[in-house]
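Working through the structure, step by step
Here's the letter readout for the chains.
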Amino acid sequence: MLLSQTRPLSVQNMSCASCVGRVERALTSLPGVSDVRVNLAAESVQAQVDAPGRMGEIVTALDKAGYPVRQRTVRLDVASMTCASCVGRVDKALAAVPGVLGVNVNLASETATVTYAEGAVDLEDLLNAAKEAGYPATPAETAAPEDVNARKDAEARALARKTMLAAILVLPVFALEMGAHLVPGMHEMIGRTIGHQTSWLIQFALTSVVLAWPGRGFYTKGFPALFQSAPDMNSLVAVGTSAAYVYSVVALFAPTLLPEASRAVYFEAAAVIVVLILLGRWMEARAKGRTGAAIQKLLGLQARTARVLVDGEQKDMPIERISAGDILVVRPGERIAVDGEVTQGSANVDESMITGEPLPVAKSEGDSVTGGTVNGTGSFQFRATRVGADTTLAQIIRMVEAAQGAKLPIQGMVDRITLWFVPVVMVVAVLTVLVWLVFGPSPALSFALVAGVSVLIIACPCAMGLATPTSIMVGTGRAAEMGVLFRKGDALQQLSHVSVVAVDKTGTVTEGRPKLTDLLLAEGHDRAEVLALVAAVEARSEHPIAEAIVQAAQAEGVVRHTVDAFESITGYGVRAQVAGRDVLIGADRLMTREGLEPGTLAEAEVDLARRGRTALYAAIDGQVAAVIAVADPVKSASAAAIRALHDLGLKVAMITGDKRETAEAIARETGIDQVIAGVLPDGKVAALDELREGGKTLAFVGDGINDAPALAHADVGIAIGTGTDVAIESADVVLMSGDLRGVVNAFEVSTRTMRNIRQNLFWAFGYNVALIPVAAGVLYPAFGLLLSPVLAAGAMALSSVFVLTNALRLRRIAPAMAETATARPAATLSPTPAE
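Model, not experiment: these values are computed from the prediction. (Residues numbered from 1 in each chain as written. Predicted model: local features only at pLDDT ≥ 70, side-chain atom pairs only at ≥ 80, totals over all residues. Heavy atoms only, no water.)

Section: a positive patch on the surface
A cluster of like positive charges, contributed by Arg 755, Arg 758, Arg 809 and Arg 812, occupies part of the molecular surface. One can find Arg 755 in helix α28 (residues 741-776). Since its relative accessible area comes to 42%, Arg 755 is described here as partly exposed. (Patch = residues over 30% accessible without salt bridge, like charges linked within 9 Å, V, L, I, M, F, W, Y side chains within 5 Å. Areas by Shrake-Rupley, 256 points an atom, 1.4 Å probe, with all protein chains shown as cover. Salt bridge = Lys/Arg side-chain N within 4 Å of Asp/Glu carboxyl O. Lys, Arg positive; Asp, Glu negative; His and termini not counted. Charge placed at Lys NZ, Arg CZ, Asp CG, Glu CD. Helix = DSSP H or I, 4+ residues; strand = E, 2+ residues; numbered from the N terminus. Buried < 20%, exposed > 50% of the residue type's maximum accessible area, 1.4 Å probe, protein only.)

Structure (structure tokens):
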């Protein structure tokens, strides 16, 4: 058996000789794998395999053993893709490269995203595979967005020139042939003047120029693909027009080879088909350019230069030369170059292009600013904190690009069908010709030619291939303009199936900025003393409730104590030694756990919770000393957003660690359907499972670090963009605004986009199912109707244009809930680790 040596795979988590042994055992246990060599220092592994296809098994085995292969992702610009069949072949060619773990080819953006095992694949391997399949590729990173746009514009202009040239050449052909059939007396006039033979010679000359010049691409791409047993859309056009052309040439120059009744020319059919398909592709190219309009808008937000302070002087610098820590100066009306923190001055900044909020946000010393936003009034200086690929805007662009290139589950079925579509159409065309030759009326050969060519030309895999990706590109782009970022493309489809929306309370339904409202004391305790002790302990915590207590203590000017032996009791509260006193702060469950009796304060605590307050006990030296109440105001938009979710037929549940009485008070105020209260931080996942019972699809909305597991566990995780970086990284969807209105908008985009995709697929598949039989001639026996190849070409071109035009309607999606209230800070996204 022939064995081949794998390239060194880069493996994670190897730290000792035991790891080496486990990796070796994991691989040697696989059939067909031998001579495993593990290098601990280089963190790599090589092996002999009996087939390149074993690479997937090796990667899976290493992953199960706890030593996953490092993965890389590269995006390629792929040329020459014209239909869904091309997508399938590019996918197949790239997936066949040993070491490739996943491929996603997008016809609308003409790109391929390839995930591969680090070390197992070189970029050249991928480029060669694509080239050998007939689709030359280049790394997307090598071209600036402006270059990509220029290339697409140039392609559209080139198609426009070809279409115009072909149309000019075809006009006399069409007038001579179709005029003779449609205009009374014109046939006789041609016979009396130039003669019918001369008319055919003129048509032959002009059609030959059309096929050999503007239409050349159909043949230089279509026939090689056909000879490689991988026919595509170009192959259908090439075979169909060539059949009409060759038949006409024989009828013109060797008429005795054909039955007398079948001696006719179809030069106009071959030439007009080329013109109509070129016209369709030109319109398609223009529409494709508009599908990426959202990315272009985002790219347009990026500043090109910035004013940097260098040795006390202002100097204009290209944005690429700005480093973290530089001090930048921003004047009124200027665009902020990078993310940073204001160090001097104040201004009102328009952040609507990032957050969707319409009102300018006041900025002063210590506030953060976001690259891409526009300074209104005032000038200020700020220190750059995130530059280049780490800026919020750069990360938003990456998220949108990733979502636009995603392949939804619905696309899998389309890909499987379209891969076989063209070969099946060619078989149907052959059968059509044979049936007409055997059973057709005289002249059977002419009827067979017309029907066969019509079947080849009317089939439209282009429309099927464009149906899903164009809608995704436009829909996710429009969502980004509305402040909704789909980090994972399949969330777009999954969100349309959600029936229950679970929300975290603090920072999601409420403001997340609580205030101390009540401090009720047990007998024998002093307010100032208790508040001082409690505030000293809470000053060690970063929880919003703790911050509210500390701020109240500062406002009352109580004594500041030092803290010793601070202990956080997860899910219950905190304990510390303060000025020689033992202080315990937490919910009623903490008092129960410690065996402390609240006494008369228990009734007060229940009453506070019933009024929507978050109530905590404070125990000093083993005795409950006070009950502390903190209120977190409900966000102004929460109730309206929840009503809007109800209007969409969704149930809304709230998950919180608060007491049930407090949670139910907020639920009554906002209209929430179900409350799961008293949940510990690690219990949110179990709460989601409870809500999911009965097969419900679930979305979870949160913003805190403790929400990350729930965001990852939900069918769709939605992070409030003003939340923590950890929550954002765990989510499928990120809302740049700070409240639940963005959730409503996310559902609106998902619903409209999926409806648009279904419309496109219905049109694309329905069109082919209905019209291919018509083109084959099924209506002829009953109605005497036979579809002209020219009409077939027009219908085919119209099909793709219809799909693209329908997808572009998504650009008009209006926010279901406009962002109109108080402006909020821009979201901050964590830097994405370099590949």
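Describing the packing of helix α19 (residues 527-538) against helix α20 (residues 544-556)
Close contact between α19 and α20 brings their axes to 9 Å; oriented N to C, the two are set at 135°. As the angle between them shows, α19 and α20 are arranged oblique. Our pair here, α19 against α20, has a crossing hand that is left-handed. Each of Arg 527, Leu 531, Val 534, Ala 535 and Glu 538 in α19 lies in contact with α20, whose residues at this interface are Ala 546, Ile 549, Val 550, Ala 552, Ala 553 and Glu 556. By residue class, the composition of the contact of α19 with α20 is eight nonpolar, no polar and three charged. (Axes fitted to C-alpha atoms, helices over the stretch in contact; angles between N-to-C directions. Parallel < 35°, antiparallel > 145°, perpendicular 65-115°, else oblique. Left-handed = near helix turned anticlockwise from the far one by under 90°. Contact = heavy atoms within 4.5 Å. Nonpolar A, V, L, I, M, F, W, Y, C, P; charged D, E, K, R; others polar.)

Quick notes on the pattern of salt bridges
Enumeration over the complete set of coordinates arrives at 21 salt bridges. One salt bridge in this structure joins Arg 72 and Glu 118, with 3.6 Å as the shortest N-O distance. Of the two residues, Arg 72 is situated in strand β5 (residues 71-78) and Glu 118 in the loop between β7 (111-117) and α4 (123-132); the sequence distance between them amounts to 46 residues. A salt bridge links Glu 351 to Lys 363; the nearest nitrogen and oxygen atoms lie 3.1 Å apart. Linking Glu 351 in the loop between β13 (347-350) and α12 (352-355) with Lys 363 in strand β14 (residues 361-363), this pair joins segments that are 12 residues apart in sequence. What you see here is one network of salt bridges that share partners, running through Arg 575, Asp 582, Arg 593 and Glu 594.

Some words on α28
Between its first and last C-alpha, α28 extends 53 Å over 36 residues, near the 52 Å set by a 1.5 Å rise per residue. Looking one or two residues beyond α28, the residue adopting positive phi is Gly 777, at roughly 105°. (Expected span 1.5 Å × (residues − 1).)

Topic: the sheet that holds strand β28 (residues 698-702)
Read from one edge of the open sheet, seven strands run β18-β30-β29-β28-β19-β26-β27, paired in mixed fashion. At either margin of the open sheet sits one strand with a lone partner, and together these are β18 (484-486) and β27 (674-676). Averaged over all adjacent pairs, the angle separating strand axes in this sheet is 20°, with direction ignored. Relative to strand β29 (residues 716-720), β28 runs parallel, the two sharing four bridges. Its bridge partner lying in β29, Phe 700 is registered against Gly 717. Relative to strand β26 (residues 651-655), helix α25 (residues 684-691) is tilted by about 155°, and along the sheet it contacts β19 (500-504), β26, β27 and β28. (Pairing = 2+ DSSP bridges.)

Thoughts on the sheet that holds strand β20 (residues 515-521)
Ordered by their spatial adjacency, six strands build an open sheet running β20-β25-β24-β23-β22-β21, and the pairing between neighbours is antiparallel. On the outer flanks of this sheet lie β20 and β21 (563-569), each paired with one strand and no other. Geometrically, the sheet is characterised by an average inter-axis angle of 20° between neighbouring strands, direction not taken into account. Relative to strand β23 (residues 581-586), strand β22 (residues 573-578) is paired through six bridges, and the arrangement is antiparallel.

Looking at a nonpolar patch on the surface
On the surface, a cluster of nonpolar side chains totalling about 790 Å² of accessible area is made up of Val 427, Val 430, Leu 431, Leu 434, Val 435, Leu 437, Val 438 and Phe 439. Here Val 435 shows up in helix α14 (residues 409-439). On the basis of relative accessibility, which here comes to 46%, the residue Val 435 falls in the partly exposed class.

Some points on the UniProt feature "transmembrane region" (unreviewed entry) in the chain
Here the UniProt feature "transmembrane region" (unreviewed entry) sits at residues 165-186, 198-215, 236-258, 264-282, 417-439, 445-468, 761-780 and 786-808. Secondary structure across residues 198-215 comprises 83% helix and 0% strand; the distance between its end C-alpha atoms is 24 Å. (UniProt positions renumbered as here; feature names shortened; annotations may be inferred.)

Details of the nonpolar core
Leu 27, Leu 94, Leu 126 and Phe 486 are the most contacted members of the largest nonpolar core, which totals 164 residues. It is α28 that provides the largest number of residues to this core, a total of 14 residues. Ignoring anything within four residues of it in the chain, the contact list for Leu 94 reads Leu 76, Val 100, Val 103, Ala 112, Val 114, Leu 126, Ala 129 and Ala 130. Among the nonpolar cores identified, the runner-up in size contains 27 residues, and Val 530, Ala 536, Val 574 and Ala 625 belong to it. (Core = buried A, V, L, I, M, F, W, Y, C linked by side-chain atoms within 4.5 Å.)

Here's the deal with the environment of Glu 529
Relative to the assigned elements, Glu 529 resides in helix α19. Judged by its relative accessible area of 36%, Glu 529 is partly exposed.

Examining the packing of α14 against α28
A pair of packed helices is characterised by two quantities: the angle between their axes and the separation of those axes. Closest axis-to-axis distance for the α14/α28 pair is 10 Å, and the angle between their directions is 10°. The pairing of α14 with α28 is recorded here as roughly parallel in orientation. Note on element contacts: α28 touches α14 through Ile 757, Leu 761, Phe 765, Asn 768, Ile 772 and Ala 776, opposite Ile 410, Val 414, Ile 417, Phe 421, Val 425, Val 428, Thr 432 and Trp 436. Class assignment of the residues belonging to the contact of α14 with α28 gives a composition of 12 nonpolar, two polar and no charged.

Focus on the side chain of Asn 756
Position of Asn 756 relative to the elements: it lies in helix α28. Reaching out from Asn 756, the side chain makes a polar contact with the backbone oxygen of Asn 806 at a distance of 2.9 Å. Ignoring any residue separated from it by four or fewer positions in sequence, one finds Asn 756 in contact with Ser 471, Asn 806, Ala 807, Arg 809 and Leu 810. (Polar contact = N/O pair within 3.5 Å; in protein donor to acceptor, adjacent residues only side chain to side chain.)

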